[in-house]
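# Survey of secondary and tertiary structure
Listed here are the chains, written in short residue letters.
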Amino acid sequence: MEQTTTIFDTWVNTTSKLVNDWREMTEKLNSEQKNIWEEAGKMQQTWMHSFQNMMQNMQMPFMSGANAGVGASMQDAFFNMLRSTDIYTQLFQLWQPVFRAMQNNSFQNQDFWKLIDPQGFKSIVDKLFGFDAVGPMKTFMDQSTQVMNMWMNSFSDAGKNMGQMFGNGMPFFNAMSQMNPQSMMNWYIDMARSAQRSMAPFLGSTSNGTMPSMQHTVELMEQWGNYMAKLNQLQTMLYKTSVSAWEKVMQTVTDRAKDGTMVTDFNQFYNEWSTINEREYVALFNTDEYAALQAELIKLNSDLNKMYERQMEAFLQPYPVVFRSQLEEVYKVNHELRSRINTLERMVTELQNTAKATPAPTSTTPPEGQETKPGKKDK
Amino acid sequence: MYSLSPQNIIEEFAAASTKLARGVEALRQIDELPVGTTPKQKVWEKDKVSLFHFERGPGTNIKTPVLIVYALVNRHHMMDIQADRSFIRNLQSAGLDLYLIDWGYPTPEDKYFTMEEYINGYLDDAVEVIREKTGQKISLMGICQGGTFSVIYAALHPQKVKNLVTLVTPIDFATPRDMLSKWAKHLDVDTLVNNQGNVPGELLNAGFALLKPMLRTNKYVSILNSIDKEGQLHNFLRMEHWIADSPDQAGEYFRKFIKDLYQGNKLVQGTFEMGGSRVDLKNITMPLLNIYAEEDHLVPPEASIALNDLVGSTDKSLTKFAGGHIGVFVGSRSQRELAPGIATWLNERDS
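Source: prediction; values computed, not measured.

Analysis parameters
- Residues numbered from 1 in each chain as written.
- Chains lettered and ligands numbered in written order.
- Predicted model: local features only at pLDDT ≥ 70, side-chain atom pairs only at ≥ 80, totals over all residues.
- Heavy atoms only, no water.
- Helix = DSSP H or I, 4+ residues; strand = E, 2+ residues; numbered from the N terminus.
- Buried < 20%, exposed > 50% of the residue type's maximum accessible area, 1.4 Å probe, protein only.
- Contact = heavy atoms within 4.5 Å.
- Areas by Shrake-Rupley, 256 points an atom, 1.4 Å probe, with all protein chains shown as cover.
- Rg over C-alpha atoms; globule rule 2.2 N^0.38 Å.
- Lys, Arg positive; Asp, Glu negative; His and termini not counted.
- Charge placed at Lys NZ, Arg CZ, Asp CG, Glu CD.
- pLDDT = per-residue confidence, 0-100.
- Buried area = accessible area lost by both parts, 1.4 Å probe.
- Salt bridge = Lys/Arg side-chain N within 4 Å of Asp/Glu carboxyl O.
- Polar contact = N/O pair within 3.5 Å; in protein donor to acceptor, adjacent residues only side chain to side chain.
- Core = buried A, V, L, I, M, F, W, Y, C linked by side-chain atoms within 4.5 Å.
- Pairing = 2+ DSSP bridges.
- Axes fitted to C-alpha atoms, helices over the stretch in contact; angles between N-to-C directions.
- Phe/Tyr/Trp six-rings, centres within 6.5 Å; stacked < 30°, edge-to-face > 60°.
- Lys NZ or Arg CZ within 6 Å of the ring centre and 35° of its normal.

## Regarding the overall build of chain A
- Along its length, chain A carries 14 helices and 0 strands.
- Traced from its N-terminal end to its C-terminal end, chain A shows the element sequence α-α-α-α-α-α-α-α-α-α-α-α-α-α.
- Residue burial in chain A is summarised as follows: out of 379 residues, 47% are buried.
- Residue pairs in contact within chain A that sit at least 24 positions apart in sequence constitute 80% of those at least 6 positions apart.
- A total of about 18,800 Å² of accessible surface is found on chain A, and carbon and sulfur atoms cover 53% of it.

Have a look at this one:
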């Protein structure tokens, strides 16, 4: 158990340091706004350093593999198959010293955590809840890095402008020339998604250097720190529950050995391990403490996404792109118009039904242009 | 002495590796996995919502048309996941004339859609289309959240509904075993909707997955044992695809759904309002068949059972079905018993 505590301490300290560094940088930005552009190089380096960490944590931890088409489903299935096999085999590797000790009759219950590799233990819990997400994130990280490099190149070469740069790498100008709003929208969404999760906060401010954008960057970094701190809490909660579950598994294994009902293959062990873990996690998820923390994380994640989006819009302000905030207004008006049309359609139908129900004394011809839409009868 | 031998374990792992390799190859061979293949025609559409009419089979003998209302969360294909495991086909074979409302996939422009527009708008329009076509009242069959919608609709428009059938339907949103309810109570839905517009389907899916946290890993470990059985693998993948196919939720409807139902439990308390009208479940006086799943981890039985005490119907049935939330529709017992049971109940009230 001591070893496990140690690895948690290390992990908590490392994550806390990241959060503190981040906050320090935020404060620095607040106090030295005039020198921000000189700080750019240093910041970029720092950002790159924490990039991978951030990328892996920014995804809501339990979100991998959802919303796919059939083709993508195969990829997800393959990824899930690999991930599950990985957990299965890693579990064996971790428990192997325990099995071996039991085989040799040298196992003592109190030695359990000394035999378990704490890093491996953490890795399994991370995989179970998607905190690792290295595989699916790699492609995205590569793409984001590519986008970022393109931006950085453009900064170093004043002769290039953003339009040319994107024209090289993205179907932006094709869409422009064809006036294809859907393509433009898709381009923007792809771009915004990449930028939200990578360099937008920093580069957004360098694009025009305006104070509001700078302020947004600072807010965003503060928010990122808050998010990381909460995520840290949630992970700790899961690790503690896992420790408790593993100790219960060990107790079960010991009890079985004593009463002669021991499992005879690893699959049986895995099933037992899984059942106990599930019970413990569900008990945790059923607590108000967990529910409150999860809700707070969802809120922080949502705030963070909103801030990224705002920053991205600041960054793209000089370019002919329709922003989501502008579309919001269009959506609202569209919705209102649709509602009015629906109301009018219903009124027309009601009138038609009333007319149908009341026989006209002088004419048998139905009114011109009478609709055949479904009526709202029998009210 | 502990009985796990190193030799056995090595063999187990060698077998696991082989299965994994076979799994990769098996996945590479699959081009498509059709779902929802029971023949049907689109008979109405508005915005992104469509109404389908399933082709009437020779055995269709129940006159009252049935409108199936599925949840906005996930897609209706689960009821027609494959030809030999199709709740829809089974209902058809049992003699029902079936319609289905397909809610579609909301996009960002749909964020302002309200629950009232879904229920008093699209659903009511679909009901009217069927009534116009058939000249009679309908039987409403609501599933999961679609059941909640159907109950609200039946309370607001009882004159249009001849029979009400609900399956795994949440009505009491504050029962002790309801983990989603516990989570929802803490959710700041205003911030979520204000920031994001529509609520991502993957966020909901992530929550559903946490209700059985080990399942995601266990099912893939298990399927490796059947990797060379094409039929089983395909069934498994169809279900995986269905799980992942989770539409985003229109923001304004979701806000009300969470605040009024999950957080306020207003339907049970009799304080739920829609379009300026209070939804009084006592207005539901038509025959009611309420089916719940004994091991439902998404909608605990108590959350569904509550309905029968709240409605004004005198002809009301409560039926327990073995299995979980999805097993009710795709399980082997379901294939034999559920659809014929519903058809018999409806047939007895078809006069």
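Let's pick the thread back up.
## Quick look at the overall build of chain B
- Each helix and strand counted, chain B has 15 helices and 12 strands in total.
- Here chain B has a C-alpha radius of gyration of 21 Å; the compact-globule value for 351 residues is 20 Å, and the two agree.
- A principal-axis box enclosing the C-alpha atoms of chain B has dimensions of 70 × 50 × 45 Å.
- When burial is assessed residue by residue, chain B has 63% of its 351 residues classed as buried.
- Of all intrachain contacts in chain B linking residues separated by at least 6 positions in sequence, the fraction that spans at least 24 positions is 80%.
- If you sum the accessible surface of chain B, you get close to 12,700 Å²; carbon and sulfur atoms cover 50% of it.
- With 37 positive and 43 negative side-chain charges, chain B shows a separation of 3 Å between the mean positions of the two kinds.

## A word on the confidence of the model for chain A
All names here are of chain A.
- For chain A, per-residue confidence averages 66 on the pLDDT scale, and residues scoring 70 or more make up 51% of the total.
- When pLDDT is averaged over each element of chain A, helix α12 (residues 266–285) comes out on top at 93 and helix α8 (residues 172–178) at the bottom at 32.
- Note on residues 191–212: pLDDT under 50 across the span, and 62 contacts to partners over four residues away in sequence or across chains.
- This model gives residues 367–375 a pLDDT under 50, and the stretch forms 12 contacts once residues within four places in sequence are excluded.

## Section: the interface of chain A and chain B
- The partner chain B presents 74 residues to the 79 residues of chain A that form the contact.
- Contact between chain A and chain B buries roughly 7,100 Å² in total, counting both sides, with carbon and sulfur atoms accounting for 59%.
- For the interface between chain A and chain B, the tally reads 6 salt bridges.
- One salt bridge connects aspartate 110 of chain B with arginine 338 of chain A, and the closest N-O pair in it is separated by 3.3 Å.
- Along the contact surface separating chain A from chain B lie 21 residue pairs in polar contact (both at pLDDT 80 or more).

## Let's talk about the nonpolar core
- One finds Trp95, Trp246 and Trp273 of chain A together with Leu67, Phe87, Leu167 and Ile342 of chain B to be the most contacted residues of the largest nonpolar core, which totals 156 residues.
- Counting residues per element, this core draws most heavily on helix α11 (residues 211–259) of chain A, at 15 residues.
- Once residues within four sequence positions are removed from consideration, tryptophan 246 of chain A is found in contact with Leu91, Leu94, Trp95, Phe112, Trp113, Ile116, Phe121, Ile124, Trp273 and Asn277 of chain A.

## Here we look at the sheet that holds strand β1 (residues 40–46) of chain B
All names here are of chain B.
- The 8 strands are arranged β1-β2-β6-β3-β7-β8-β11-β12 in an open sheet whose pairing can be described as mixed. Looking at the sheet topology across the chains shown, the edges are occupied by β1 and β12 (316–321). Here the average twist between neighbouring strands, direction ignored, is 20°.
- With 4 bridges connecting them, strand β8 (residues 161–167) and strand β11 (residues 288–293) associate as parallel partners. Paired with leucine 164 across the two strands is leucine 288, which belongs to β11.
- In the packing of helix α4 (residues 145–156) onto the sheet, the strands contacted are β3 (66–69), β7 (138–143) and β8, and the crossing angle to β7 comes to about 140°.

## Examining unusual backbone geometry
Residue and element names in this part refer to chain B.
- The backbone of asparagine 74 sits at a positive phi, close to 65°, despite the residue not being glycine.
- Residue asparagine 74 is classed as buried on the basis of its relative accessible area of 9%.
- Even without being a glycine, valine 168 presents a positive backbone phi close to 35°.
- Summarising the element assignment, valine 168 is placed in the loop between β8 and α5 (179–186).
- Taking relative accessible area as the criterion, valine 168 reaches 1% and is therefore assigned buried.

## A closer look at the pairing of β1 of chain B
Residue and element names in this part refer to chain B.
- The pairing of β1 with strand β2 (residues 49–54) spans 6 bridges and is classified as antiparallel. Within β2, the residue paired with tryptophan 44 across the bridge is leucine 51.
- Between β1 and β2, which pair antiparallel and follow one another directly, the connecting turn spans 2 residues, one of which, aspartate 47, has a positive phi of 50°.

## Let's talk about the packing of aromatic side chains
- Considering all chains together, one arrives at 33 aromatic pairs over all chains under this definition.
- With a centroid separation of 5.2 Å and an interplanar angle of 75°, the aromatic rings of tyrosine 88 of chain A and phenylalanine 266 of chain A are classed as edge-to-face. Residue tyrosine 88 of chain A is found in helix α3 (residues 70–103), and its partner phenylalanine 266 of chain A is found in helix α12; the two are separated by 178 residues along the sequence. The pair formed by tyrosine 88 of chain A and phenylalanine 266 of chain A is uniform in burial state, with each residue classed as buried.
- Aromatic side chains tyrosine 253 of chain B and phenylalanine 257 of chain B sit 6.1 Å apart centroid to centroid with 45° between the ring planes, which places their arrangement in the tilted category. Placement of both tyrosine 253 of chain B and phenylalanine 257 of chain B in helix α10 (residues 251–263) is noted, with a separation of 4 residues, approximately one turn of the helix.
- Of the residues examined, tyrosine 253 of chain B reaches a relative accessible area of 1% and is grouped as buried.
- On the basis of relative accessibility, which here comes to 6%, the residue phenylalanine 257 of chain B falls in the buried class.
- Every member of this aromatic cluster is reached through a ring pair, and the members are Tyr88, Phe92, Trp95, Phe112, Trp113, Phe121, Trp246, Phe266, Phe269, Tyr270 and Trp273 of chain A.
- Looking at lysine 40 of chain B, its charged tip hangs above the ring of phenylalanine 52 of chain B, at a distance of 5.4 Å from the centre.

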